[in-house]
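# Secondary and tertiary structure notes
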Amino acid sequence: MTPMKRWPMLFITLAFLLILSACGGGSTNTGSSEPPTETDGATEVEDEKMDEGQEEPPNGEEAEDNQDEGSSEDLLMATVEMLNTDGDAVGTAELTTESDGIGVALNLENLEAGIHGIQFHDTGKCEVPGFDSAGEPFAGGMQTIEVGDDGTAKDEFVIQDVSMKTDAENSLLQSGGTSLVVYAQEDASERVACGVVTGETQ
């Protein structure tokens, strides 16, 4: 073959080699690894860690509410067992915490008919016959109750300016306790019934 005829063959051969090289490079690129996606498990480990992790501790008001829950010693309810001057039971007074004071639900019997005064006193003792051990009148002021001709009194009212919170100045849970005293009349000093404040705490 003459030299002039070899040049076209060389060009054809080089062109063929270039085509093969280009095809081979494409296959190499398509075979390269791609970064894993979420479906391939790229975030699966992180998700498991998040699921296994503990919940974040509460903060702010929520934390304060949790701390207060179950830790208070405030009196929620108190049952006062009332005694007369002979030391005999004459009924009860149920005390409950209200928004504006202490709710009193009386259920008394065997008392003299008429209008009587009733008031908290600053000492938790009710020694017969005169109940002088109950000390002096406490916060809240005197209320009046009416005892019927049958000697019973059922009444409900709220005494303001008193509390069953342990940290309050006017708390019925003060050191030495408190008592509830019934007077013979609204304006008399004679004490005819008395009961020491007791109850359940939360």
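No experiment lies behind these values; they were computed from the predicted model shown. (Residues numbered from 1 in each chain as written. Predicted model: local features only at pLDDT ≥ 70, side-chain atom pairs only at ≥ 80, totals over all residues. Heavy atoms only, no water.)

## Focus on the overall build of the protein
For the protein, the count of helices and strands is 3 helices and 9 strands. Moving toward the C terminus, one meets the helices and strands of the protein in the order α-α-α-β-β-β-β-β-β-β-β-β. Burial status across the protein gives 27% buried among its 202 residues. Summed over its atoms, the accessible surface of the protein is roughly 13,600 Å², and 49% of this surface lies on carbon and sulfur atoms. (Helix = DSSP H or I, 4+ residues; strand = E, 2+ residues; numbered from the N terminus. Buried < 20%, exposed > 50% of the residue type's maximum accessible area, 1.4 Å probe, protein only. Areas by Shrake-Rupley, 256 points an atom, 1.4 Å probe, with all protein chains shown as cover.)

## Side note on the nonpolar core
By size, the foremost hydrophobic cluster in this structure holds 28 residues, and its most contacted members are Met82, Leu95, Leu106, Leu108, Phe120 and Val182. Taken together, the elements giving at least two residues each to this core come down to strand 1 (75-84), strand 2 (89-98), strand 3 (101-108), strand 4 (114-121), strand 5 (143-147), strand 6 (153-159), strand 7 (179-183) and strand 8 (191-196). When sequence neighbours within four positions are dropped, the list of residues in contact with Leu95 reads Leu76, Met77, Ala78, Val80, Ile102, Gly103, Val104, Phe120, Met164, Leu172 and Val197. If you look at the next biggest cluster of nonpolar residues, it comprises 6 residues, including Cys126, Ala134, Tyr183 and Cys194. (Core = buried A, V, L, I, M, F, W, Y, C linked by side-chain atoms within 4.5 Å. Contact = heavy atoms within 4.5 Å.)

## Remarks on unusual backbone geometry
A cis amide bond, omega 5°, links Val128 with the succeeding residue Pro129. Structurally, the position occupied by Pro129 is in the loop between strand 4 and strand 5. Of note in this structure, Phe131 is not a glycine but carries a positive phi near 60°. Mapped onto the secondary structure, Phe131 falls in the loop between strand 4 and strand 5. Residue class for Phe131 comes out buried when judged on its relative accessible area of 0%. Within the chain, Asp161 stands out as a residue other than glycine whose phi angle is a positive 65°. Here Asp161 shows up in the loop between strand 6 and strand 7. Residue classification places Asp161 among the exposed positions, given a relative accessible area of 56%.

## Some remarks on the pairing of strand 3
Summarising burial for strand 3: 6 of the 8 residues are buried, a large majority. Strand direction decides the pairing type here: strand 2 and strand 3, joined by 8 bridges, are antiparallel. Bridged to Ala93 within strand 3 is Leu106. (Pairing = 2+ DSSP bridges.)

## A short note on the side chain of Thr178
By secondary structure assignment, the location of Thr178 is in the loop between strand 6 and strand 7. Setting aside chain neighbours within four positions, we find Thr178 in contact with His121, Asp122, Thr123, Gly124, Phe138, Ser171, Leu172, Val196 and Val197.

## Considering the confidence of the model for the protein
This prediction gives the protein a mean pLDDT of 77; 62% of its residues lie at or above 70. Low pLDDT, under 50, characterises residues 26-32; the stretch is placed with 0 contacts to residues that sit more than four places away or in other chains. The model gives residues 60-72 a pLDDT under 50, and that stretch makes 3 contacts with residues more than four places away or in other chains. (pLDDT = per-residue confidence, 0-100.)

## Focus on the state of the cysteines
Here the structure, examined in full by the defined rule, presents 1 disulfide. Put simply, Cys126 and Cys194 are joined by a disulfide, and their sulfur atoms are 1.9 Å apart. The chirality of the disulfide connecting Cys126 with Cys194 is left-handed, given an S-S dihedral of about -60°. Of this pair, Cys126 sits in the loop between strand 4 and strand 5 while Cys194 sits in strand 8, and the two are 68 residues apart along the sequence. The residues Cys126 and Cys194 share a single accessibility class, namely buried. (Disulfide = S-S within 2.5 Å.)

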